[in-house]
Amino acid sequence: MKPFLILIFLFLVQVNFAQDINIEWQNCFGGSENDITGNYSNSMIKISDCYLIGGPSGSDDGDVAGGNHGPDDIWLIKPDNNGNLIW
């Protein structure tokens, strides 16, 4: 019984120290195929007034309409600080 109580106590201590996540914005970009997926989703950097996100694109519709020219396309997008697509 004592190990069980210790385990419960350790779990409760961990829960009390958990941090809240503050999501500034979230949005989906791309089209109907795989666009900026997998490890590429971490390819996002914040610059002074916006973000830059880069990765592969397999779509030719949605935000990528007319922009896909084969399986090795790279897509670089720039959303503003509110998550609206600039280019």
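Since we're looking at a predicted model, the values are computed, not measured.

## As for the pairing of strand β2 (residues 50–56)
Moving on, step 1. Counting buried residues in β2 gives five out of seven residues, a clear majority hidden from the surface.
Moving on, step 2. Bridge count for strand β1 (residues 44–47) against β2 is four bridges, and the pairing is antiparallel. Each bridged residue has a counterpart across the sheet, and for Lys46 the counterpart in β2 is Tyr51.
Moving on, step 3. Between the end of β1 and the start of β2, which pair antiparallel, lie two residues.
Moving on, step 4. Bridge analysis of β2 against strand β3 (residues 74–77) gives four bridges, and the strand direction is antiparallel. Bridged to Pro56 within β3 is Ile74.

## Remarks on the side chain of Lys78
Moving on, step 1. Mapped onto the fold, Lys78 is located in the segment after β3.
Moving on, step 2. Residue classification places Lys78 among the buried residues on the basis of a relative accessible area of 18%.
Moving on, step 3. With residues near it in sequence (within four places) discarded, Lys78 still touches Cys50, Tyr51, Leu52, Asn84, Leu85, Ile86 and Trp87.

## Some thoughts on the packing of aromatic side chains
Moving on, step 1. A full pass over the atoms with the stated rule returns two aromatic pairs.
Moving on, step 2. Residues Trp25 and Phe29 carry aromatic rings whose centres are separated by 6.4 Å and whose planes lie at 75 degrees to one another, so their mutual orientation is edge-to-face. Comparing Trp25 with Phe29, the two get one shared label, buried.
Moving on, step 3. Ring plane angle 75 degrees and centroid distance 5.5 Å describe the contact between Trp25 and Tyr51, whose orientation is recorded as edge-to-face. Note that Trp25 is positioned in the loop between α1 (2–16) and β1 and Tyr51 in strand β2, a separation of 26 residues in sequence. The same class applies to Trp25 as to Tyr51, namely buried.

Cut-offs applied
- Residues numbered from 1 in each chain as written.
- Predicted model: local features only at pLDDT ≥ 70, side-chain atom pairs only at ≥ 80, totals over all residues.
- Heavy atoms only, no water.
- Buried < 20%, exposed > 50% of the residue type's maximum accessible area, 1.4 Å probe, protein only.
- Helix = DSSP H or I, 4+ residues; strand = E, 2+ residues; numbered from the N terminus.
- Pairing = 2+ DSSP bridges.
- Contact = heavy atoms within 4.5 Å.
- Phe/Tyr/Trp six-rings, centres within 6.5 Å; stacked < 30°, edge-to-face > 60°.

Treat this as a map of the structure, not an account of what it does.
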